[in-house]
Amino acid sequence: MASNAASLNAVRETMDGPLQERCSSPLISFVASSGLTPAVLFEISRILNTGLDMETLSICVRLCEQGINPEALSSVIKELRKATEALKAAENMTG
């Protein structure tokens, strides 16, 4: 649970400062300025095997456009996936 809190704190910390300082990822800057369609972004996500559905990808892109650190967001998603898998495993053992 400590790593979950650390990941969430990292996301919160990225919300401070001007957008130009917060959006330091070249990929996010490119996506924001390129006008790529959601379908193209989803295809890139699929090729990279992110496991994100269209809605989740859209939320992630909007968060990054608002200045969330992409690495911190990725860490939170990974932690949530681990927690989900742990809950499913616990349910399978008790059910």
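These figures come from a predicted structure and were not determined experimentally. (Residues numbered from 1 in each chain as written. Predicted model: local features only at pLDDT ≥ 70, side-chain atom pairs only at ≥ 80, totals over all residues. Heavy atoms only, no water.)

1. As for the overall build of the protein chain
Part 1: A tally of helices and strands in the protein chain yields 6 helices and 0 strands.
Part 2: Helices (α) and strands (β) of the protein chain occur, in sequence order from the N terminus, as α-α-α-α-α-α.
Part 3: Within the protein chain, buried positions represent 23% of all 95 residues.
Part 4: Relative to all contacts within the protein chain whose residues are 6 or more apart in sequence, the contacts with residues 24 or more apart total 56%. (Helix = DSSP H or I, 4+ residues; strand = E, 2+ residues; numbered from the N terminus. Buried < 20%, exposed > 50% of the residue type's maximum accessible area, 1.4 Å probe, protein only. Contact = heavy atoms within 4.5 Å.)

2. Concerning the nonpolar core
Proteins that are soluble and globular tend to have nonpolar side chains buried together.
Part 1: Of all hydrophobic cores here, the largest spans 9 residues; its members are Leu41, Leu52, Leu57, Cys60, Val61, Cys64, Ile68, Leu73 and Ile77.
Part 2: Counting only elements with at least two residues in this core, the list comes to α5 (54–65) and α6 (70–94).
Part 3: Here the element with the most residues in this core is α5; it accounts for 4 residues. (Core = buried A, V, L, I, M, F, W, Y, C linked by side-chain atoms within 4.5 Å.)

3. Quick word on unusual backbone geometry
Part 1: Its identity is not glycine, yet asparagine 49 carries a phi of approximately 55°, on the positive side.
Part 2: Within the secondary structure layout, asparagine 49 lies in the loop between α4 (38–47) and α5.
Part 3: Judged by relative accessible area, asparagine 49 falls into the exposed class, the value being 67%.

4. Notes on the confidence of the model for the protein chain
Part 1: Summarising the model, the protein chain shows a mean pLDDT of 77, and 65% of its residues fall at 70 or more.
Part 2: Put simply, helix α2 (residues 19–22) is where the protein chain has its lowest mean pLDDT, 43, and α6 is where it has its highest, 93.
Part 3: Residue range residues 14–23 is modelled with pLDDT below 50. Its contacts to residues more than four positions away, or to other chains, number 17 contacts. (pLDDT = per-residue confidence, 0-100.)

5. Thoughts on the packing of α4 against α5
Part 1: The geometry of α4 relative to α5 is characterised by a closest axis approach of 10 Å and an angle of 105° between their N-to-C directions. Our classification of the angle between α4 and α5 gives roughly perpendicular. Contacts between α4 and α5 involve Pro38, Ala39, Leu41, Phe42 and Ser45 from the first element and Met54, Leu57 and Val61 from the second.
Part 2: For the contact of α4 with α5, the per-class residue count stands at 7 nonpolar, 1 polar and no charged. (Axes fitted to C-alpha atoms, helices over the stretch in contact; angles between N-to-C directions. Parallel < 35°, antiparallel > 145°, perpendicular 65-115°, else oblique. Nonpolar A, V, L, I, M, F, W, Y, C, P; charged D, E, K, R; others polar.)

6. Section: α6
Part 1: Under the 1.5 Å per step criterion, the end-to-end length of α6 is 36 Å for 25 residues, consistent within 8% with the ideal 36 Å.
Part 2: Of the positions making up α6, those classed as buried are Ala72, Leu73, Val76, Ile77 and Glu79.
Part 3: The distance from a side-chain oxygen at the start of α6 to the backbone nitrogen of glutamate 71 is 2.7 Å, and the residue carrying that oxygen is asparagine 69. (Expected span 1.5 Å × (residues − 1). Polar contact = N/O pair within 3.5 Å; in protein donor to acceptor, adjacent residues only side chain to side chain.)

7. Quick word on a nonpolar patch on the surface
Part 1: A cluster of nonpolar side chains, contributed by Val40, Ile44 and Leu48, occupies part of the molecular surface with about 260 Å² of accessible area.
Part 2: Relative to the helices and strands, valine 40 is located in helix α4. (Patch = residues over 30% accessible without salt bridge, like charges linked within 9 Å, V, L, I, M, F, W, Y side chains within 5 Å. Areas by Shrake-Rupley, 256 points an atom, 1.4 Å probe, with all protein chains shown as cover. Salt bridge = Lys/Arg side-chain N within 4 Å of Asp/Glu carboxyl O.)

8. Focus: the packing of α5 against α6
Part 1: Contact pair α5 / α6: the axes reach a minimum separation of 10 Å and the direction vectors enclose 145°. Two packed elements cross with a definite hand, and for α5 against α6 that hand is right-handed. Contacts between α5 and α6 involve Cys60, Leu63 and Cys64 from the first element and Pro70, Leu73 and Ile77 from the second.
Part 2: Tallied by class, residues from the contact of α5 with α6 come to 6 nonpolar, no polar and no charged. (Left-handed = near helix turned anticlockwise from the far one by under 90°.)

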